[in-house]
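A look at the structure
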Amino acid sequence: MYDFWFTLGTATIKPALLDAIQNAGPVFDFVQRIIVEIEDGEQTLRPSAPSAGLLENTPTTAVRAAIAKYVGAFSPAAPPIGIYCAGRLSQLMKIPFFSSTDQAHTSFRDIIKLANQAYVKGLAGGAESKLPSFPAFLGLCLVDGQLVEGFENPGADVKQIVSEFGISVDSANREWQIATAFADTDEFASATQLLMLGNMNPWRGTTLEQVFFWDGLSEHAIP
């Protein structure tokens, strides 16, 4: 999962990563997927994700290689990229719009454009972070609203998670300065609203990429 966070954060800092992915030729075959859970003889129909689909070997492998090449050039601390990360990015790139009510301005590119604008505002003209894990932390912020909600009054759980990225909850810490300013922008709010709550987003019914346990969703994350 770290590779997905890192890729999403790198795209936030360097949106040209999406061009590298597009040039690799992502393919995602949308299908209707119906999931029925049976527990103690009781059947439960899980919510259907509107953007479910299937991956294809050759194009997904090409996307994996393209992401690995780009993030590797961006940072010597870039993690190896797995096929899941490549598949998820293929899906995100191929979803035509994340909100059916505003189809012209809610593609993944639009979301990353907003995230980049939020990042630039978060820098406030100051220095960028040199912390190797920082792109991954930015990516995590985009997909875990519970984490971001805790920024205002960080509890022990938020401080623990932040520390796992090598960041301290301290107004003098540059990474904390950037991250909190990033998450406090209107552009960040718009980007995450579309990405995670748009009615065509791929996380409906389950969560896979979050660091907190989301009751009602995370239970179903492992097939």
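For clarity, every value in this text was computed on a predicted model and none was experimentally measured.

**With respect to the overall build of the protein chain**
Each helix and strand in the protein chain was counted, giving ten helices and four strands. Traced from its N-terminal end to its C-terminal end, the protein chain shows the element sequence α-α-β-β-β-β-α-α-α-α-α-α-α-α. Rg of the C-alpha trace for the protein chain: 17 Å, near the compact-globule value of 17 Å for 223 residues, within the 12% margin. In the protein chain, which comprises 223 residues, the share counted as buried stands at 47%. Of the contacts formed within the protein chain by residues at least 6 apart in sequence, a portion of 70% connects residues at least 24 apart. Total accessible area on the protein chain is roughly 11000 Å²; 53% of this is exposed by carbon and sulfur atoms. Here the protein chain holds 14 positive side-chain charges and 24 negative ones, and the gap between their average locations is 11 Å.

**Section: the pattern of salt bridges**
What the rule picks out here adds up to four salt bridges. When the shortest N-O distance is used, the salt bridge between D19 and R109 registers 3.0 Å. Of this pair, D19 sits in helix α2 (residues 17–23) while R109 sits in helix α5 (residues 108–123), and the two are 90 residues apart along the sequence. By relative accessible area, D19 is classed as partly exposed at 36%. R88 is the partner of E209 in a salt bridge, and the nearest nitrogen-oxygen pair spans 3.0 Å. On the criterion of sequence distance, the pair formed by E209 in the segment after α10 (186–197) and R88 in helix α4 (residues 83–94) is long-range, its members being 121 residues apart. Of the two residues examined, E209 and R88, each falls in the buried class.

**A word on the environment of F4**
Along the polypeptide, F4 turns up in helix α1 (residues 2–13). F4 sits in the buried class, given a relative accessible area of 0%. With 59 residues separating them along the chain, F4 and V63 place their C-alpha atoms 13 Å apart. If we ignore the near neighbours within four places in the chain, the residues touching F4 are C85, R88, L89, L92, V143, W203 and E209.

**What to know about helix α6 (residues 134–143)**
With ten of ten residues buried, α6 is to be regarded as a mostly interior element. Residues of α6 that are buried: F134, P135, A136, F137, L138, G139, L140, C141, L142 and V143.

**Focus on the side chain of D144**
Note that D144 resides in the loop between α6 and α7 (145–149). As a buried residue without a salt bridge, D144 has its nearest oppositely charged side chain in R88, at a separation of 13 Å. At 2.8 Å, the side chain of D144 and the backbone nitrogen of V211 are in polar contact. In contact with D144, other than residues within four places in its own chain, are Q210, V211, F212 and W214.

Conventions we followed
- Sequence positions are assigned chain by chain, starting from 1 and proceeding in written order.
- Residues qualify for local features only when their pLDDT is at least 70, as the model is predicted, and side-chain atom pairs are given and counted only at 80 or more; totals for whole chains, interfaces and linings, by contrast, use all residues.
- As a rule here, side-chain values cover all heavy atoms of the structure and leave hydrogens and water aside.
- Helix and strand definitions here come from DSSP, where helices need a minimum of 4 consecutive H or I residues and strands a minimum of 2 consecutive E residues; each element is numbered from the N-terminal end.
- For the radius of gyration, the atom set is restricted to C-alpha positions; the globular benchmark scales as 2.2 Å times the number of residues to the power 0.38.
- Using a 1.4 Å probe on the protein chains alone, a residue whose accessible area is under 20% of its type maximum counts as buried, one over 50% counts as exposed, and one in between counts as partly exposed.
- We call two residues in contact when some of their heavy atoms are within 4.5 Å.
- Calculation of accessible area relied on Shrake-Rupley with a 1.4 Å probe; when residues are assessed, cover is drawn exclusively from the protein chains displayed.
- This count recognises Lys and Arg as positive and Asp and Glu as negative, with His and chain-terminal groups excluded.
- Charge positions come from single atoms, namely NZ of Lys, CZ of Arg, CG of Asp or CD of Glu.
- Just to be clear on terms, a salt bridge is a Lys or Arg side-chain nitrogen sitting within 4 Å of an Asp or Glu carboxyl oxygen.
- Two N or O atoms form a polar contact when they lie within 3.5 Å of each other; inside protein one atom must be a possible hydrogen donor and the other a possible acceptor, and for residues adjacent in sequence the pair counts only when both atoms belong to side chains.

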